[in-house]
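These are the residues of each chain, in order.
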Amino acid sequence: MLLGVSGGIAAYKAAELTRRLRAEGVEVRVVMTRAAQAFVGPLTFQALSGNPVRLDILDPTAEAGMDHIELARWADLVLVAPASADVMARLAAGMADDLLTTLALASQAPLALAPAMNQRMWQHPATQANARLLTDRGVRLLGPAAGAQACGETGPGRMLEPGEIVAALLEPRPASPLAGRRILVTAGPTREALDPVRYLGNRSSGRMGYALAQALVTRGAQVVLVSGPTALAVPLGLERIQVESALEMRAAVMARIADQDIFVAAAAVADYRVADPAPHKIKKGQPELTLRLVRNPDILAEVAARPDPPFTVGFAAETERVEEEARAKLQAKSLDMIAANQVGGATGGFEREDNALTVIRRDGRLNQLPLMPKAHLAEALTDLIAETYATYLATQGA
Ligand code: PMT
């Protein structure tokens with residue numbers, strides 16, 4: 001999570017917020033505005049988050065490590081706490097005049113704000129209009145609370161307590177049929193070793209699966225994410241298990257599948273692995289090299305074929321005849337749902353920020369989810385999963 005700290009006396013509470021988020025297993029990177037630094041020193045946040053604190057958009061040392069666009073891509077959630085009236089106004093106007101507002105503009109991650117300001121400032125029509133504009137755009141406002149203020153006045157404008165913010169961010173949406181369900185999600189690529197230093201891989205970034213895992217968490221599911229190698233941060237509120245090869249992914253899935261309610265296979269699992277990986281680095285002596293490949297187990301098919309299978313959602317990555325191939329996979333693997341995407345084209349699919357899905361259910365119903373950011377697509381797919389799962393439970397008499 002990217003935590004933006006703006007100026008105000010409540011900035012000191014952001015230190016406790018960082019500590020609590022870390023205690024929940026959330027990786028936190030902090031960005032401070034210039035005004036925030038007048039209230040709390042960056043070192044406090046560095047020590048509490050365990051990561052360097054970013055202050056300036058033109059910081060050459062930071063740009064050499066993780067530049068601001070990379071940081072915007074890395075974030076799975078941008079939380080600004082405290083969010084001053086000034087920051088809210090700049091966010092509403094779409095300004096990018098410091099690092100925090102630039103990141104908020106460059107990131108596709110959901111944005112949440114915990115406003116904190118004098119009660120008159122909060123109630124001013126300008127701030128209220130900005131708050132409305134931001135919420136209309138999908139920004140989540142956490143608070144403010146009402147009460148005694150540091151300035152001696154009483155009214156709305158107090159930042160929520162750190163514990164309340166953490167609870168609001170991690171709390172399930174109780175109405176969802178997915179609330180409390182155990183869901184195992186696979187994501188990312190697999191790597192099949194050729195020798196100790198080389199592998200066969202694929203272009204999956206993990207974004208689709210991670211976004212889905214995050215959306216399932218927000219519905220209150222208990223999510224385990226089995227992930228191939230990716231550069232993505234662990235989404236909030238779930239357990240991530242990292243694996244490399246298809247065989248490792250299979251072992252991690254099978255060790256946990258027995259008590260799962262739902263299985264979602266978004267990983268791009270290698271269909272073949274090298275039969276005999278070389279124990280030492282292969283030398284470039286011969287002009288040609290032949291690799292013998294053997295089939296990997298199909299994890300999704302194996303899960304769906306269990307005597308008492310979970311509700312199974314597969315993916316299909318196709319370069320042609322997307323719907324036809326997806327229907328064939330749905331039937332052949334006996335799945336409850338399949339989400340098919342066109343890969344290898346000019347838009348969507350692997351690596352990219354956006355994707356589109358054709359979702360087909362066991363009863364043949366089809367939904368087209370058009371091209372959009374993967375985070376939004378994951379929300380839409382999660383809604384379809386929730387709806388289909390509710391029907392499935394009803395037919396099972398659960
Ligand atoms: O990670 P991103 O860059 O965001 O890209 C997203 C994605 C394109 C990887 C994702 O949307 C996607 O399509 N994932 C499935 C990719 C894939 O392997 O598709 P497939 O048609 O080859 O496999 C069909 C299904 O069987 C998939 O659910 C796959 O996870 C599963 N499978 C495949 C082979 C295997 N050995 N074991 C499996 O479980």
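Residues numbered from 1 in each chain as written. Predicted model: local features only at pLDDT ≥ 70, side-chain atom pairs only at ≥ 80, totals over all residues. Heavy atoms only, no water.

Observations concerning the overall build of the protein
Inference 1: Summing up its helical and strand segments, the protein has 15 helices and 19 strands in all.
Inference 2: Here the protein has a C-alpha radius of gyration of 23 Å; the compact-globule value for 398 residues is 21 Å, and the two agree.
Inference 3: For the protein, the C-alpha atoms occupy an extent of roughly 75 × 60 × 35 Å along the three principal directions.
Inference 4: Counting the 398 residues in the protein, one finds 50% classified as buried.
Inference 5: A total accessible area of about 18600 Å² is found for the protein, and carbon and sulfur atoms account for 52% of it.
Inference 6: Across the protein, the 41 positively charged side chains and the 43 negatively charged ones have centroids separated by 2 Å. (Helix = DSSP H or I, 4+ residues; strand = E, 2+ residues; numbered from the N terminus. Rg over C-alpha atoms; globule rule 2.2 N^0.38 Å. Buried < 20%, exposed > 50% of the residue type's maximum accessible area, 1.4 Å probe, protein only. Areas by Shrake-Rupley, 256 points an atom, 1.4 Å probe, with all protein chains shown as cover. Lys, Arg positive; Asp, Glu negative; His and termini not counted. Charge placed at Lys NZ, Arg CZ, Asp CG, Glu CD.)

Some thoughts on the domain arrangement of the protein
Inference 1: When cut into domains, the protein gives domain 1 (2-170) and domain 2 (182-396).
Inference 2: Each of domain 1 and domain 2 has a C-alpha centre, and the two are 34 Å apart.
Inference 3: On the domain 2 side, the residues contacting the eight residues of domain 1 number 12 residues.
Inference 4: Across the domain 1 to domain 2 interface the summed buried area is about 910 Å²; carbon plus sulfur atoms make up 55%.
Inference 5: Of all residues in domain 1, Trp74, Asp76 and Gln108 bury the most surface against domain 2, accounting for 51% of the area lost on that side.
Inference 6: Our count for the contact surface shared by domain 1 and domain 2 stands at one salt bridge.
Inference 7: Residue Glu353 pairs with Arg73 through a salt bridge whose shortest N-O separation is 3.3 Å.
Inference 8: If you look at where domain 1 meets domain 2, you find one residue pair in polar contact (both at pLDDT 80 or more). (Domains from an automatic or database assignment. Contact = heavy atoms within 4.5 Å. Buried area = accessible area lost by both parts, 1.4 Å probe. Salt bridge = Lys/Arg side-chain N within 4 Å of Asp/Glu carboxyl O. Polar contact = N/O pair within 3.5 Å; in protein donor to acceptor, adjacent residues only side chain to side chain.)

What to know about the sheet that holds strand E5 (residues 140-141)
As a general point, the strands of a sheet are linked pairwise by backbone hydrogen bonds and lie either parallel or antiparallel.
Inference 1: Sheet architecture is open: five strands sit in the order E2-E1-E3-E4-E5, paired in parallel fashion. Whereas interior strands pair on both sides, the edge strands pair on one side only; in this sheet they are strand E2 (29-32) and E5.
Inference 2: The sheet contact formed by strand E4 (residues 111-115) and E5 spans two bridges and is parallel. Following the sheet pairing, Leu113 is matched in E5 by Leu141. (Pairing = 2+ DSSP bridges.)

What about the sheet that holds strand E8 (residues 182-187)?
Inference 1: The strand order across the open sheet formed by eight strands is E12-E11-E8-E13-E16-E17-E18-E19, and the pairing between neighbours is mixed. Edge positions in the open sheet fall to strand E12 (239-242) and strand E19 (366-373), since each of these has one partner strand only. Strand-to-strand twist in this sheet, taken as the mean axis angle between neighbours without regard to direction, amounts to 15°.
Inference 2: As paired strands, E8 and strand E11 (residues 222-227) are joined by six bridges and run parallel to one another. Counted as the bridge partner of Arg182 is Gln222 from E11.
Inference 3: Of the strands in this sheet, strand E16 (311-318), strand E17 (337-342), strand E18 (354-361) and E19 are in contact with helix H14 (residues 322-332), which crosses E17 at around 150°. (Axes fitted to C-alpha atoms, helices over the stretch in contact; angles between N-to-C directions.)

Quick notes on the pattern of salt bridges
Inference 1: For the structure shown, the criterion picks out 29 salt bridges.
Inference 2: Residue Arg90 is joined to Asp97 by a salt bridge in which the shortest nitrogen-to-oxygen separation is 2.7 Å.
Inference 3: For Asp97, a relative accessible area of 46% corresponds to the partly exposed category.
Inference 4: Glu153 is the partner of Arg120 in a salt bridge, and the nearest nitrogen-oxygen pair spans 3.5 Å. Of the two residues, Arg120 is situated in helix H8 (residues 119-123) and Glu153 in the loop between strand E6 (145-148) and strand E7 (154-158); the sequence distance between them amounts to 33 residues.
Inference 5: A relative accessible area of 59% places Arg120 in the exposed class.
Inference 6: Within this structure, Asp86, Arg90, Asp97 and Asp98 form a network of salt bridges that share partners.

Details of the nonpolar core
Inference 1: The biggest cluster of nonpolar side chains holds 38 residues, and the ones touching the most others in it are Ile183, Leu216, Val223, Val264, Phe315, Leu357 and Leu381.
Inference 2: Ranked by residues supplied to this core, first place goes to helix H15 (residues 374-396) with nine residues.
Inference 3: Not counting chain neighbours up to four residues away, the residues in contact with Val223 comprise Ile183, Val185, Ala213, Leu216, Val217, Leu238 and Glu239. (Core = buried A, V, L, I, M, F, W, Y, C linked by side-chain atoms within 4.5 Å.)

Details of unusual backbone geometry
Inference 1: For the bond running from Ala81 to Pro82, omega is 0°, close enough to zero to count as cis.
Inference 2: Looking at the secondary structure, you find Pro82 in strand E3 (residues 78-83).
Inference 3: One non-glycine residue with positive phi stands out, namely Arg321, at about 40°.
Inference 4: Here Arg321 is to be found in the loop between E16 and H14.
Inference 5: Residue Ser334 is not a glycine yet carries a positive backbone phi of 55°.
Inference 6: Mapping Ser334 onto the fold places it in the loop between H14 and E17.

Points about the packing of aromatic side chains
Inference 1: Summed over the entire model, instances satisfying the criterion amount to three aromatic pairs.
Inference 2: Summarising the aromatic geometry, the rings of Phe311 and Tyr392 are spaced 5.0 Å apart at their centres and angled 65° between planes, so their arrangement reads as edge-to-face. Residue Phe311 is found in strand E16, and its partner Tyr392 is found in helix H15; the two are separated by 81 residues along the sequence.
Inference 3: Each member of the aromatic cluster is reached from another via a ring pair, and the members are Phe311, Tyr389 and Tyr392.
Inference 4: Taking the ring centre of Trp74 as reference, the NZ or CZ of Arg29 above it sits at 5.1 Å.
Inference 5: Sitting over the face of the ring of Tyr272, Arg295 holds its NZ or CZ atom 6.0 Å from the ring centroid. (Phe/Tyr/Trp six-rings, centres within 6.5 Å; stacked < 30°, edge-to-face > 60°. Lys NZ or Arg CZ within 6 Å of the ring centre and 35° of its normal.)

What about a nonpolar patch on the surface?
Inference 1: On the surface, Leu200, Tyr272, Leu289, Leu291 and Leu293 cluster together into a nonpolar patch covering about 420 Å² of accessible area.
Inference 2: Considering the arrangement of structural elements, one finds Tyr272 in strand E14 (residues 272-274). (Patch = residues over 30% accessible without salt bridge, like charges linked within 9 Å, V, L, I, M, F, W, Y side chains within 5 Å.)

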